[in-house]
Amino acid sequence: MKIILTLCVLSIIWGFFIEPRFVFVKKYKLHNSDLKGFRAVFVSDFHIAPNERNRLKRIVKLINKQQPDIVLSSGDFVKGYKASKTLPIEDIAEELANIKPLFGFFAVLGNHDWWQNGAKIREVLRINGVTILENSSQKIKINNKNITIAGIEDIQTRIPDTEKALRHAEKTTILLTHSPDPFFDINKNVFLTLAGHNHGGQVQIPFFGALIVPSKSGTKYANGLFKIKENTLIVTKGLGNSIMNVRFCCLPEIVVIDFI
């Protein structure tokens, strides 16, 4: 009994005070001849609390350490439901402006961003070099090939329109969505879809996986890489936490994608 109680106490200390402070780099390799040699860094769900500016600085430093050609994000830059729960977006954007990828920083906004004045967050991020995509796309040229970066609005707070976002899509398209749920309604071939929101459930039990995930698919797509027909989906565990500041067997992560 003493051993069980000790393990429970240690697990609580680990989950609430230690694991949430870590940031892990998760790496994937994907085959695409148009993007060969290209590196993307994907980040999501920052949820930066008022006292976490130094943590954000460490995250930015780690992103730059990966030497990204492009940085992509599926949103939730702020934390909570009201301004007192988050580091101000002006401070968050000021730190993110120190990220200098060769081909830019592209993002969509998440539900927490819209709950806390998405229009303001969009504008502040734009001023600091982050391109926000809202049912829209932008072309960039890589290896003399046109690549489309598309983004759709958050399914919980806005109206995602995949058809509109992909209207001018090229052969190689990367789609950003805050939640992975809209991925299953895409009726076009999209090389890669990147999503967050689920946080991997924040708490995962070894050999069983996530306990609860805010998705219509349940825990099936909590995090990881999924191949469905011709399309690939990557769902990140994200960097921060919502509701409770806890992580257990679900390390916060930066995703690095190398195209080969």
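The notes below deal with the structure included here. Computed from a predicted structure; not experimentally measured.

1. Points about the pairing of strand E12 (residues 224-228)
- With five bridges joining them, E12 and strand E13 (residues 231-235) adopt antiparallel strand pairing. Across the sheet, Phe226 pairs through a bridge with Leu233, a residue of E13.
- A loop of two residues connects E12 with E13, the two strands running antiparallel in sequence, and Lys229 in this loop sits at a positive phi of about 55°.

2. Brief notes about the nonpolar core
- The biggest cluster of nonpolar side chains holds 29 residues, and the ones touching the most others in it are Phe46, Phe77, Ile92, Leu96 and Leu125.
- Listed by contribution, the elements that provide at least two residues to this core are strand E2 (39-43), helix H2 (53-65), helix H3 (89-96), strand E4 (105-107), helix H5 (118-127), strand E5 (130-132) and strand E14 (253-259).
- Not counting residues within four places of it along the chain, the set of residues in contact with Leu125 comprises Phe77, Ile89, Ala93, Leu96, Leu109, Val130 and Ile132.
- Leu176, Ile234, Val255 and Ile257 belong to the second largest nonpolar core, which has 24 residues in total.

3. Quick word on the packing of H3 against H5
- The N-to-C vectors of H3 and H5 enclose an angle of 30°; their axes lie 9 Å apart at closest approach. Judged by the angle between their axes, H3 and H5 are roughly parallel. Here H3 and H5 pass one another in a crossing that is right-handed. Here Ile89, Glu90, Ala93 and Leu96 of H3 lie close against H5, whose contacting residues are Lys120, Ile121, Val124 and Leu125.
- Of the residues belonging to the contact of H3 with H5, the class tally is six nonpolar, no polar and two charged.

4. Considering H5
- Turning to H5, its buried residues are Gly118, Ile121, Val124 and Leu125. Seen from one end, H5 has its buried residues packed into an arc of 130°, which puts them on one side. Of the exposed residues in H5, the ones pointing more than 90 degrees away from its buried face are Arg126 and Ile127.
- Buried residues along H5 sit against H3, helix H4 (111-115) and E5.
- At the C-terminal side of H5, Gly129 shows a positive phi close to 95°.

5. Quick look at the layout of surface pockets
- Of the volumes computed, that of the largest pocket is approximately 430 Å³.
- Looking at the lining of the largest pocket, its residues break down into nine nonpolar, 11 polar and two charged.
- Its volume calculated, the second largest pocket comes out at about 240 Å³.
- Contributing to the lining of the second largest pocket are 16 residues, with Pro20, Arg21, Glu52, Arg55 and Asn245 lying nearest its centre.
- Looking at the lining of the second largest pocket, the elements that each hand over two or more residues are helix H1 (2-18) and H2.
- Ranked by residue count, the leading element in the lining of the second largest pocket is H2, at three residues.
- Of the residues contributing to the lining of the second largest pocket, the split by class is five nonpolar, six polar and five charged.

6. Observations concerning the sheet that holds strand E7 (residues 145-151)
- Pairing is mixed in the open sheet, where six strands are placed in the order E6-E7-E8-E9-E13-E12. Across the chains shown, the open sheet's two edge strands, defined by having one partner strand only, are strand E6 (136-142) and E12. With direction set aside, neighbouring strand axes in the sheet form an average angle of 20°.
- In terms of strand pairing, strand E8 (residues 172-177) meets strand E9 (residues 192-195) through four bridges, oriented parallel. Its bridge partner lying in E9, Leu176 is registered against Leu194.

Calculation criteria
- Residues numbered from 1 in each chain as written.
- Predicted model: local features only at pLDDT ≥ 70, side-chain atom pairs only at ≥ 80, totals over all residues.
- Heavy atoms only, no water.
- Pairing = 2+ DSSP bridges.
- Helix = DSSP H or I, 4+ residues; strand = E, 2+ residues; numbered from the N terminus.
- Core = buried A, V, L, I, M, F, W, Y, C linked by side-chain atoms within 4.5 Å.
- Buried < 20%, exposed > 50% of the residue type's maximum accessible area, 1.4 Å probe, protein only.
- Contact = heavy atoms within 4.5 Å.
- Axes fitted to C-alpha atoms, helices over the stretch in contact; angles between N-to-C directions.
- Parallel < 35°, antiparallel > 145°, perpendicular 65-115°, else oblique.
- Left-handed = near helix turned anticlockwise from the far one by under 90°.
- Nonpolar A, V, L, I, M, F, W, Y, C, P; charged D, E, K, R; others polar.
- Arc of directions from axis to C-beta.
- 1 Å grid on protein atoms, 1.4 Å probe; cavity = no way out; pocket = protein on both sides within 12 Å on 5 of 7 lines; lining within 4 Å.
- Points joined across faces, edges and corners; volume = space filled by probe spheres on them.

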